[in-house]
Amino acid sequence: MQQNQDLNVYSNHTILPNLRDKEHSSLYTILYNNGTYPLWLINKFINEDSQSSQYKFTVSSFINNSKFMQQNVKPNTSNSSVDIEYIDLTLGLQATSLTKLVDTKYNHINSKEGRVLILEQPELLISSMEGLTAISLYNDFINKLHNEKFQHIIIISNIDYYNHYINSFIQYQYTTFFQSLQYKSDVLFTVKSLKTGYAKDISGTLTITKGGAFDNVKHVNDIKVVENEYFFYVVKDNVVKLFY
């Protein structure tokens with residue numbers, strides 16, 4: 001029997017960035033394959049960090065509507081003080097202007113300090129907005145949200161989706177987007193199924209690595225990213241066991 005492990009992202013045993021780094025804005029990226037949608041990992045950010053009740057979370061998704069998010073991304077009963085709002089972006093795929101999308105959906109947010117955005121699959125805009133490039137998606141949408149609305153952003157992206165657009169302009173933009181996220185992120189999470197296929201007691205692997213942006217910022221107490229690889233087993237819903 002494998003011993004269960006706690007999820008640690010930083011060397012001070014936290015999952016989220018240190019609240020005392022008020023001048024620091026961070027970007028997390030979670031990349032996953034088909035069949036490994038990391039709903040359980042999203043809930044760990046909200047529920048398993050000692051600082052989570054001090055943050056204001058916004059959950060936005062291009063694939064899940066508000067009803068789904070409210071039912072599945074939520075505080076535990078023991079952590080009911082966590083502040084979460086839900087912004088449905090499923091109709092945002094019909095948008096023709098990234099700036100207008102930000103201004104319409106997030107216009108009520110005036111201060112970004114302590115705000116965390118969990119953003120699901122913004123890359124879908126590449127295939128829904130004609131001629132959209134990865135550079136524009138990052139600069140006019142993600143970077144705008146980061147500069148004006150949120151101190152920390154967690155992006156969740158499906159790295160298998162672009163395979164529908166083999167040898168095309170869209171595939172190139174998807175690939176460029178995913179590659180740029182790895183350089184722009186402080187921390188990179190990769191969720192994969194097992195290469196050997198199905199296992200009765202293992203659902204997949206979670207790899208945590210330092211992103212290209214982490215060393216560009218002076219962090220409080222010189223904390224480090226704890227690079228690691230876990231096996232995980234989804235017992236039911238958001239009940240997940242991590243082990244080495």
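Here is a short report on the structure shown in this document. (Residues numbered from 1 in each chain as written. Predicted model: local features only at pLDDT ≥ 70, side-chain atom pairs only at ≥ 80, totals over all residues. Heavy atoms only, no water.)

If you trace the backbone, D160 turns up in the loop between β5 (152–158) and α6 (169–184). Of the side chains bearing the opposite charge, K192 lies closest to the buried D160, which forms no salt bridge; the N-O distance is 9.1 Å. There is a polar contact of 3.4 Å between the side chain of D160 and the side chain of N33. A distance of 2.9 Å separates a polar side-chain atom of D160 from the backbone nitrogen of N34. In this structure, D160 is in contact with Y32, N33 and N34, ignoring residues within four places of it in sequence. (Helix = DSSP H or I, 4+ residues; strand = E, 2+ residues; numbered from the N terminus. Buried < 20%, exposed > 50% of the residue type's maximum accessible area, 1.4 Å probe, protein only. Lys, Arg positive; Asp, Glu negative; His and termini not counted. Salt bridge = Lys/Arg side-chain N within 4 Å of Asp/Glu carboxyl O. Polar contact = N/O pair within 3.5 Å; in protein donor to acceptor, adjacent residues only side chain to side chain. Contact = heavy atoms within 4.5 Å.)

Inspection of every chain in the model, using the stated rule, returns two salt bridges. For K44, the salt bridge identified is with E48, shortest N-O distance 3.0 Å. By relative accessible area, E48 is classed as partly exposed at 45%. Among the salt bridges present, the one from E148 reaches K144, with a minimum N-O distance of 3.1 Å. Taken together, the positions of E148 and K144, both in helix α5 (residues 134–148) and four residues apart, correspond to about one turn of that helix.

One finds L41, F45, F57, F189 and L206 to be the most contacted residues of the largest nonpolar core, which totals 37 residues. The element best represented in this core is helix α1 (residues 39–47), accounting for six residues. In terms of nonpolar packing, the next biggest core, distinct from the first, is built from 33 residues, A95, L119, A134 and F141 among them. (Core = buried A, V, L, I, M, F, W, Y, C linked by side-chain atoms within 4.5 Å.)

Once that is clear, we can look at unusual backbone geometry. A negative phi angle characterises most non-glycine residues, just as the trans form characterises most peptide bonds. Of note in this structure, H13 is not a glycine but carries a positive phi near 70°. Looking at the element boundaries, H13 is found in the segment before β1 (26–32). We note that Q121 has phi near 50°; this positive angle belongs to a residue other than glycine. Turning to its location among the elements, Q121 is positioned in the loop between β4 (115–120) and α4 (124–128). The exposure class of Q121 is buried, given its relative accessible area of 4%.

Another aspect to go through is α5. Here α5 contains 15 residues, and its C-alpha end-to-end distance of 20 Å stays within 8% of the 21 Å for a straight helix at 1.5 Å per residue. In the structure, α5 departs most strongly from a straight axis at I142, where the bend amounts to approximately 30°. As for α5, its buried residues are in contact with β1, α3 (98–105), β4, α4, β5 and α6. (Expected span 1.5 Å × (residues − 1). Bend = angle between axes of the 7 residues up to and from the residue.)

In total, this model carries 13 aromatic pairs according to the counting rule given. Here the aromatic rings of Y28 and F189 are separated by 5.4 Å at their centres, their planes lie at 50°, and the arrangement is tilted. Here Y28 is found in strand β1, whereas its partner F189 is found in strand β6 (residues 187–192), with 161 residues between them in sequence. Look at Y28 and you get buried, because its relative accessible area is 1%. Measuring from centroid to centroid gives 5.7 Å for Y106 and F150, while their planes differ by 90°, and the two rings are edge-to-face. Taken as a pair, Y106 in the loop between α3 and β4 and F150 in the loop between α5 and β5 lie far apart in primary sequence, 44 residues in all. Comparing Y106 with F150, the two get one shared label, buried. Taken together, the ring pairs connect Y28, F45 and F189 into an aromatic cluster. Between K184 and the ring centre of Y138, over which it is positioned, the NZ or CZ distance is 4.4 Å. (Phe/Tyr/Trp six-rings, centres within 6.5 Å; stacked < 30°, edge-to-face > 60°. Lys NZ or Arg CZ within 6 Å of the ring centre and 35° of its normal.)

This next bit is on the packing of α3 against α5. In contact at an axis separation of 9 Å, α3 and α5 are set at 20° when each is read in the N-to-C sense. Classed by the angle they form, the pair α3 and α5 counts as roughly parallel. Considering how the two elements wind past one another, α3 and α5 form a crossing that is right-handed. Facing α3, whose interface residues are L98, T99, L101, V102 and D103, α5 presents S136, L137, D140, F141, K144 and L145. (Axes fitted to C-alpha atoms, helices over the stretch in contact; angles between N-to-C directions. Parallel < 35°, antiparallel > 145°, perpendicular 65-115°, else oblique. Left-handed = near helix turned anticlockwise from the far one by under 90°.)

So, on to the environment of L39. Within the fold, L39 resides in helix α1. Relative accessible area serves as the criterion here: at 13%, L39 is assigned to the buried category.

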